[in-house]
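A look at the structure
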Amino acid sequence: MEIRRATPDDVPAILEILRRTFEEYGFKWVPEYEMRDLLDFVYDGEVAALWVAVAGDTVLACGGLDWSSPVPGEPGSMVAFEGDLRVSGCPAELVRLYVDPGLRRGGLGRALCDVIRAEAEVRGFESLEIWSDIEFTLAHSFYEKLGAERVGLRSISEGPLEYDEFGFVWRL
């Protein structure tokens, strides 16, 4: 297994992991609303980066860092920012951390988070914002084991999608 920067060629495999995860939880699968960042592949390193864990040509997991919309303030409270509820004081966000459903609890998420944390530290970020659907209880306990603190809840309504997310702050 190796971790490398994702490319647009990885998007179909990444979307398949996300689709299976959504199916597992009974979520609506409407990628044109919720997956625009992947479909438009904004992860070129200018304002966001995405990594994949791969074995040979098979994508096993993904995770990214987005620093396109830093949130001012002291880390750890909720704040209305650019029309959304966000975690204050976070210069970047951990995004798109998904592990193939059959491979969870094998260290892939931790390995990706190590890479993401290292990149964040190189960029001088001291905290990251994390959002996770309230149904992803395994992810919540994983984030808390990393040291992230749950700080709030927000409701999202995008096109045909409605869901609630917990917000976390991960102090690096």
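Once a new chain begins, its residue numbering starts again from 1 and follows that chain's sequence as written. At least 70 in pLDDT is required for a residue's local features to be given in this predicted model, at least 80 for side-chain atom pairs to be given and counted, and no such filter applies to totals for whole chains, interfaces and linings, which use all residues. Side-chain measures here rest on the full set of heavy atoms in the structure, leaving out hydrogens and waters.

What to know about the state of the cysteines
Criterion for a disulfide: a pair of cysteine sulfur atoms at a distance within 2.5 Å. Summed over all chains, the structure comprises zero disulfides. Looking at the unpaired Cys 113, the closest cysteine sulfur is the one in Cys 62, lying at 11 Å.

So, the pairing of strand β4 (residues 78-81)
In terms of strand pairing, β4 meets strand β5 (residues 84-87) through four bridges, oriented antiparallel. Bridged to Phe 81 within β5 is Asp 84. In short, DSSP must find at least two bridges between two strands for them to pair. Helix and strand assignments follow DSSP, with helices taken as H or I runs no shorter than four residues and strands as E runs no shorter than two, numbered in order from the N terminus. In this antiparallel pair of consecutive strands, β4 and β5, the connection spans two residues, and Glu 82 shows a positive phi of 50°.

As for the sheet that holds strand β6 (residues 92-99)
The strand order across the open sheet built from seven strands is β1-β2-β3-β6-β7-β9-β8, with neighbouring strands paired in mixed fashion. Looking at which strands have only one partner, the edges of the open sheet turn out to be β1 (2-5) and β8 (149-158). Each neighbouring strand pair of the sheet contributes to a mean axis angle of 25°, computed without reference to strand direction. The pairing of β8 with strand β9 (residues 161-171) spans nine bridges and is antiparallel. Looking across to β9, one finds that Arg 150 is bridged to Phe 168. Axis definition: a line fitted to C-alpha atoms, over the contacting stretch in the case of helices. Angles run 0 to 180 degrees between N-to-C directions.

Quick notes on the nonpolar core
Counting 25 residues, the largest nonpolar core has Leu 65, Leu 94, Phe 125, Leu 128, Ile 130, Tyr 143 and Trp 170 as its most contacted members. Of all the secondary-structure elements, those providing two or more residues to this core are β2 (48-55), β3 (58-66), β6, α4 (108-122), β7 (127-133), α5 (137-146) and β9. Any two residues having at least one pair of non-hydrogen atoms within 4.5 Å are treated as being in contact. With sequence-adjacent residues up to four places away left out, Leu 65 is seen in contact with Val 47, Ala 48, Ala 49, Trp 51, Ala 92, Glu 93, Val 95, Ile 116, Glu 119, Ala 120, Phe 125 and Leu 128. One finds Met 35, Phe 41, Leu 50 and Phe 136 within the second-largest nonpolar core, a separate group that totals 20 residues. Think of a nonpolar core as a cluster: buried Ala, Val, Leu, Ile, Met, Phe, Trp, Tyr and Cys residues, connected wherever their side-chain atoms sit within 4.5 Å. Buried means the residue's accessible area, taken with a 1.4 Å probe over protein chains only, is under 20% of the maximum for its type, while exposed means over 50%, and partly exposed covers the values in between.

Side note on the pairing of β6
Among the eight residues that make up β6, eight are buried, leaving the element largely enclosed by the rest of the structure. Across five bridges, the pairing between β3 and β6 is antiparallel. Within β6, the residue paired with Leu 65 across the bridge is Leu 94. The sheet contact formed by β6 and β7 spans three bridges and is parallel. Its bridge partner being in β7, Glu 93 is matched across the sheet by Glu 129. For the handedness criterion, the strands are oriented away from the viewer, and a crossover whose path from the first strand over the helix to the second runs clockwise is classed as right-handed. In this fold, the crossover linking β6 to β7 by way of α4 has right-handed handedness.

By themselves, these figures tell us nothing about what the structure is for.
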